[in-house]
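# Coordinate analysis (summary)
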Amino acid sequence: SGCEWQNHMCLPESYSYFQGNGITVWHGSTHLTFRNNVVHHCPGSGIRVNKGDEVTIDSNVVYDNTWWTFSAPSAIVLAESLGTGSNTISHNLVFGNRNFIPFFSPDLSSIAHSGTGVPNYAEAEQDYIIDGSGVYLTRNYDYRGT
C-alpha cells in the first residue's frame, strides 16, 4: 500500500523522497567552503551542514527551496555545530524559500534539544506553519567557536 497507518493517517514508508536537499553535509566535517553556487527548487534545504566546524557559506544564490517537505527545513542551515573554529555565512542572496507543509515528526523526543512549547507542534494536528526561514542556526549547544 506504500504507507503505514498511524492515528488515522497514512504515513509513507519512505520520507526520503520529500527530504531532498541541494548541498548537504551530515556528519562532523571540517574546513568546508560553499561558494558561488546556485541552489534552487529542492524539496528540503538549499545548503545544510550538520555537526560541522570551520564552515564558510559565501556568495551563493539560494532560492525557491524547502517548499514540499514536512521536516521544517530552511534555505541555509548550520545545525548541531561542533568544534571551536569559525563558521561564516556571508554575501548570500536568499529568497523565495518557505514551507508549504507543517512540520511533522512521529517522535520529537528523538531530536536533541527539541520542543517549542507551541501547541500541536510536529504533531498530525498541527494546522499552521512557523518554519522555513532563509538562514537558520539551530541546536548548536555544543559549539564553542565563533
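Read on for an overview of the structure. (Residues numbered from 1 in each chain as written. Predicted model: local features only at pLDDT ≥ 70, side-chain atom pairs only at ≥ 80, totals over all residues. Heavy atoms only, no water.)

### Some details on the side chain of Thr66
Test applied: Strands here are runs of E lasting at least two residues and helices are runs of H or I lasting at least four, both read from the DSSP assignment and numbered beginning at the N terminus. Two N or O atoms count as a polar contact when they lie within 3.5 Å, although within protein this holds only if one can serve as hydrogen donor and the other as acceptor, and sequence-adjacent residues are included solely when both atoms are side-chain atoms. Pairs of residues are marked as contacts when any of their non-hydrogen atoms sit within 4.5 Å.
With respect to the element layout, Thr66 can be found in the loop between strand S8 (61–63) and strand S9 (76–79). Of the polar contacts made by the side chain of Thr66, one reaches the backbone oxygen of Arg98; its length is 2.9 Å. When residues no more than four places from it in sequence are discounted, the contact partners of Thr66 are Cys42, Pro43, Gly44, Ser45, Pro73, Ser74, Ala75, Asn97, Arg98, Asn99 and Phe100.

### Comments concerning the sheet that holds S8
Definition in use: By this definition, two strands are paired if DSSP reports at least two bridges between them. Fitted lines through C-alpha atoms give the axes, limited to the stretch in contact for helices. The angle between two N-to-C directions lies from 0 to 180 degrees.
With parallel pairing, three strands are arranged side by side in an open sheet as S5-S8-S11. For this open sheet the edge positions go to strand S5 (38–40) and strand S11 (93–95), each flanked by a neighbour on one side alone. Pairs of neighbouring strands in the sheet enclose a mean axial angle of 5°, with direction left out of account. Strand direction decides the pairing type here: S8 and S11, joined by three bridges, are parallel. Along S11, the bridge assignment pairs Tyr63 with Phe95.

### Overview of the side chain of Asn99
Among the structural elements, Asn99 can be located in the loop between S11 and strand S12 (135–138). A polar contact of 3.3 Å, which involves the side chain of Asn99, links it to the backbone oxygen of Pro73. Those residues in contact with Asn99, other than ones at most four positions away along the chain, are Thr66, Trp67, Ala72, Pro73, Ile129, Asp131 and Gly132.

### What about the packing of aromatic side chains?
To keep things clear, this is the line we draw: The pairing test for Phe, Tyr and Trp rings, Trp by its six-membered ring, is centres within 6.5 Å, and the orientation test on the planes gives stacked under 30 degrees, edge-to-face over 60, and tilted for anything in between. Here the term buried applies to any residue with accessible area under 20% of the maximum for its type, exposed to any over 50%, and partly exposed to those in between, with areas from a 1.4 Å probe on protein chains only.
Summed over all chains, the structure comprises two aromatic pairs. Their ring planes at 5° and their centres at 5.1 Å tell us that Tyr63 and Phe95 sit as a pair that is stacked. Here the residue Tyr63 occupies a position in strand S8, and Phe95 occupies one in strand S11, the gap between them amounting to 32 residues. Overall, Phe95 belongs to the partly exposed group, its relative accessible area being 39%. Look at Trp67 and Phe100: their rings are 5.4 Å apart centre to centre, the planes differ by 85°, and that puts the pair in the edge-to-face class. A residue pair is termed long-range when its members are at least 10 positions apart, and Trp67 in the loop between S8 and S9 and Phe100 in the loop between S11 and S12 qualify at 33 residues. Classification of Trp67 by relative accessible area gives partly exposed; the value is 25%. You can call Phe100 partly exposed: its relative accessible area is 34%.

### Details of the pattern of salt bridges
Proximity of charged atoms lets side chains of opposite charge pair with each other. Heads up, the rule is: We count a salt bridge whenever a side-chain nitrogen from Lys or Arg sits within 4 Å of a carboxyl oxygen from Asp or Glu.
Evaluation of the coordinates by the stated rule reveals two salt bridges. A salt bridge links Asp58 to Arg35; its shortest N-O distance comes to 3.0 Å. Placement of Asp58 in strand S7 (residues 53–58) and of Arg35 in strand S4 (residues 30–35) is noted, with a sequence separation of 23 residues between them. Residue classification places Asp58 among the buried residues on the basis of a relative accessible area of 11%. According to the relative accessible area criterion, Arg35 is partly exposed, its value standing at 43%. For the salt bridge of Lys51 with Glu80, the shortest nitrogen-to-oxygen distance reads 3.9 Å. Of this pair, Lys51 sits in the loop between strand S6 (47–50) and S7 while Glu80 sits in the loop between S9 and strand S10 (88–90), and the two are 29 residues apart along the sequence. By relative accessible area, which is 33% here, Lys51 ends up partly exposed.

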